[in-house]
Amino acid sequence: MKRRLAPSVLAVLLGTTFAARADDVVIDFERAEIGKPVPSWTEQGVVFQLAGAPAHSKAVGRVMFFPHLATNHKGILNAMATEQAIAVQATLPRTASAVTVVFWASTGCPALLEALDPEGQVVGKASIPAAPGRKTPADPVPFFQLTVTAPAIAAIRFSGPRDGEFLAADEVRFTTQ
């Protein structure tokens, strides 16, 4: 006589066997080459690129890596000198419920971090009106962080610099669902 598992028991067993695994992801851009603009950058399955096409140029939109002079950390930013309004977007390999980005920026530069759902709709925002500045000229440019939360974040985008300013993402942290 053969024994069969009830469908509900089988579903529970399979569910525990194939449960989605959560992964802590930290991206720090340390493998990137400083000063070389690229159309996109992929690290740990996360794709970084401009959120839109340039409006003032026919050039391909590019991101670039910039050094933090005091620490030699590398940060990603918009490489289009005359296209400061284009946000940098990072598309995640799986959804997350919170994403934290560590930044540094020009003193007084506003910063905006937006969370996007799988349909591309904004589902969360975090911002500061002005990046912190050095207390003395000898101090390093300070780091600051912004965190967005939402049930299913599929991408983030960050923006804020005005002409002549920069906003560099030093590190991106999230846990996939």
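So, how was this worked out
Residues numbered from 1 in each chain as written. Predicted model: local features only at pLDDT ≥ 70, side-chain atom pairs only at ≥ 80, totals over all residues. Heavy atoms only, no water. Helix = DSSP H or I, 4+ residues; strand = E, 2+ residues; numbered from the N terminus. Buried < 20%, exposed > 50% of the residue type's maximum accessible area, 1.4 Å probe, protein only. Contact = heavy atoms within 4.5 Å. Areas by Shrake-Rupley, 256 points an atom, 1.4 Å probe, with all protein chains shown as cover. 1 Å grid on protein atoms, 1.4 Å probe; cavity = no way out; pocket = protein on both sides within 12 Å on 5 of 7 lines; lining within 4 Å. Points joined across faces, edges and corners; volume = space filled by probe spheres on them. Nonpolar A, V, L, I, M, F, W, Y, C, P; charged D, E, K, R; others polar. Core = buried A, V, L, I, M, F, W, Y, C linked by side-chain atoms within 4.5 Å. Phe/Tyr/Trp six-rings, centres within 6.5 Å; stacked < 30°, edge-to-face > 60°. Pairing = 2+ DSSP bridges.

A. Highlighting the overall build of the protein chain. Along the protein chain, the regular secondary structure elements total 1 helix and 10 strands. The helix and strand sequence of the protein chain, counted from the amino end, reads α-β-β-β-β-β-β-β-β-β-β. By the burial criterion, 40% of the 177 residues in the protein chain qualify as buried. Intrachain contacts of the protein chain at a sequence separation of at least 6 include 72% that bridge at least 24 residues. In the structure as shown, the protein chain presents an accessible area of about 10000 Å², 57% of it carried by carbon and sulfur atoms.

B. Highlighting the layout of surface pockets. Size it by volume and the largest pocket reaches roughly 180 Å³. Here the lining of the largest pocket is built from residues that sort into 8 nonpolar, 1 polar and 2 charged.

C. Geometry of the nonpolar core. One finds F29, F48, I76, V99, I156 and V172 to be the most contacted residues of the largest nonpolar core, which totals 39 residues. Taken together, the elements giving at least two residues each to this core come down to β1 (24–27), β3 (46–50), β4 (63–67), β6 (88–105), β7 (111–116), β9 (144–159) and β10 (167–176). At 8 residues, the largest contribution of residues to this core is made by β6. Leaving out residues up to four positions away in the same chain, I156 has contacts with V88, Q89, A90, V99, V101, L113, E114, A115, V148 and V172.

D. Here's a closer look at the packing of aromatic side chains. With the rule as written, the count across this model stands at 7 aromatic pairs. Look at F29 and F65: their rings are 5.7 Å apart centre to centre, the planes differ by 45 degrees, and that puts the pair in the tilted class. In this pair, F29 is assigned in the loop between β1 and β2 (40–43) and F65 in strand β4, connecting sequence segments 36 residues apart. Residues F29 and F65 agree in their burial class; the two are buried. Through successive ring pairs, a cluster of aromatic residues spans F29, W41, F48 and F65.

E. Local environment of the pairing of β1. Residues V25 and I27 of β1 are buried on one face, while the alternating residues D24 and V26, pointing to the opposite face, are not. Where β1 lies against β10, 4 bridges are found, and the strand directions are antiparallel. When the sheet's bridge partners are listed, D24 is paired in β10 with T175.

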